[in-house]
Structure formats: C-alpha cells, structure tokens
Amino acid sequence: QVQLVESGGGSVQAGGSLRLSCATSGFSYSRYFMGWFRQAPGKEREGVASIDTAGGITTYADSVKGRFTISRDNAKSTLYLQMNNLKSEDTAMYYCAASDRWFSLYPSRANYWGQGTQVTVSS
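Residues numbered from 1 in each chain as written. Predicted model: local features only at pLDDT ≥ 70, side-chain atom pairs only at ≥ 80, totals over all residues. Heavy atoms only, no water.

K.L.:
Just to check I follow, could you spell out the overall build of the chain for this structure?
P.N.:
When you go through the chain residue by residue, the secondary structure sums to zero helices and eleven strands. Referenced to the eigenvectors of the C-alpha coordinate spread, the extents of the chain come out at roughly 40 × 25 × 25 Å. Looking at the chain as a whole, 42% of its 123 residues qualify as buried. Look at the contacts in the chain between residues 6 or more apart in sequence, and 58% of them connect residues 24 or more apart. With an accessible surface of roughly 6200 Å², the chain has 43% of that area assigned to carbon and sulfur atoms. (Helix = DSSP H or I, 4+ residues; strand = E, 2+ residues; numbered from the N terminus. Buried < 20%, exposed > 50% of the residue type's maximum accessible area, 1.4 Å probe, protein only. Contact = heavy atoms within 4.5 Å. Areas by Shrake-Rupley, 256 points an atom, 1.4 Å probe, with all protein chains shown as cover.)

Given below as structure tokens:
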C-alpha cells in the first residue's frame, strides 16, 4: 500500500537547522509531484514547498524563501526539506504529500499524505 513516512523532526533553538526526510513506497514516486506542508495548533494546513517530478522546478512559501530547500532523490523514492535559520513561527507538524498534478502550495491537490513529524523551535 501507499506509504509516506516523515522523519527528522525535533526540538531546536532559533537559528538552528533540521533536515526532514520523507521515505515513500507503494506508488510511482518519480511520476508524482511532491510537497511539504505544515500545520500549527489552531491554524490551517499551509504549503511550505513543492517540487516537480524531476526536481528541477520548486516553489516556496514567502515565509521560508531563502531558508528552506526542498529536494528529492528519485532513485531512493525520498523527499527532503533542509531547514536553516529556523524561527519560532516555524513550529508546526510537518507533512509530506504526493500529487499527480502540480501542487504549487495547495494541500487540496494531494493524493497521498504522510503522518507528519513535529518541529519545535524555541526562541
């Protein structure tokens, strides 16, 4: 069956870095657009970054531009999110998702979701 398993979350001080991974199986990963989304308590899920099937086109939310980098390894069916210079407002549950069409930053376009990994940034 389809699986997306996030890892790499944790607690970090402001200014620190984390690298999230999303290991996938059960679908044709290289044919799917991929994205990272996050949801803070009491807030709606929002798009963080997305990437096309080949990894050559990326989109970022304005709030993370210049600090986060999305990438993918199609040979390993794995998605990554490098997060640098973390801020307290980045605290949220982070989810990876797969879509058979271009995501942009719209969660509604997802076909599959992972269970999430928590990122907590203390100031």
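K.L.:
So what exactly am I meant to see when it comes to the pairing of strand S4 (residues 33–39) here?
P.N.:
Within a regular beta strand, the side chains point alternately toward one face of the sheet and then the other, so they alternate between its two faces. Taking burial as the measure, the seven residues of S4 include six buried ones, the bulk of the element. When S4 meets strand S9 (residues 92–99), the two strands line up antiparallel, connected through seven bridges. Within S9, the position partnered with Phe33 by the bridge is Ser99. With five bridges connecting them, S4 and strand S5 (residues 46–51) associate as antiparallel partners. (Pairing = 2+ DSSP bridges.)

K.L.:
So what exactly am I meant to see when it comes to the state of the cysteines here?
P.N.:
Disulfides are covalent bonds that link the sulfur atoms of two cysteine residues. The tally for this structure, following the rule as stated, stands at one disulfide. Paired through a disulfide, Cys22 and Cys96 show a sulfur-sulfur distance of 1.9 Å. Sign of the S-S torsion, about 45° for the bond between Cys22 and Cys96, identifies this disulfide as right-handed. Linking Cys22 in strand S3 (residues 18–25) with Cys96 in strand S9, this pair joins segments that are 74 residues apart in sequence. (Disulfide = S-S within 2.5 Å.)

K.L.:
Looking at this model, I keep getting lost on the sheet that holds strand S8 (residues 78–83). Mind explaining?
P.N.:
Neighbouring strands of a sheet are bound in pairs by backbone hydrogen bonds; such pairs are parallel or else antiparallel. One open sheet accounts for four strands, arranged S1-S3-S8-S7; its pairing is antiparallel. This sheet does not close on itself; its edge strands, each paired only once, are strand S1 (3–7) and strand S7 (68–73). Sheet twist, expressed as the average angle between the axes of neighbouring strands with direction ignored, equals 15°. Taken together, the six bridges between S3 and S8 define a ladder with antiparallel strand orientation. Counterpart to Cys22 in the pairing with S8 is Leu79. (Axes fitted to C-alpha atoms, helices over the stretch in contact; angles between N-to-C directions.)

K.L.:
Can you help me understand the side chain of Ser99 in this one?
P.N.:
Note that Ser99 resides in strand S9. For Ser99, a relative accessible area of 0% corresponds to the buried category. Among all residues touching Ser99, those that are not within four sequence positions of it are Tyr32, Phe33, Arg109, Ala110 and Asn111.

K.L.:
What is the right way to look at the pattern of salt bridges in this model?
P.N.:
This structure, assessed with the given rule, holds four salt bridges. One network of salt bridges, in which partners are shared, links Arg38, Glu46, Arg67 and Asp90. (Salt bridge = Lys/Arg side-chain N within 4 Å of Asp/Glu carboxyl O.)

K.L.:
Explain the environment of Val48 to me, please; I cannot follow it from the model alone.
P.N.:
As for its placement among the helices and strands, Val48 is situated in strand S5. Val48 gets classed as buried once you look at its relative accessible area, which sits at 1%. Considering only alpha carbons, one finds Val48 and Trp36, twelve residues apart in sequence, at a separation of 5.4 Å. If sequence neighbours within four positions are ignored, Val48 has contacts with Trp36, Phe37, Arg38, Thr59, Tyr60, Ala61, Val64, Phe68, Leu81, Tyr94 and Leu105.

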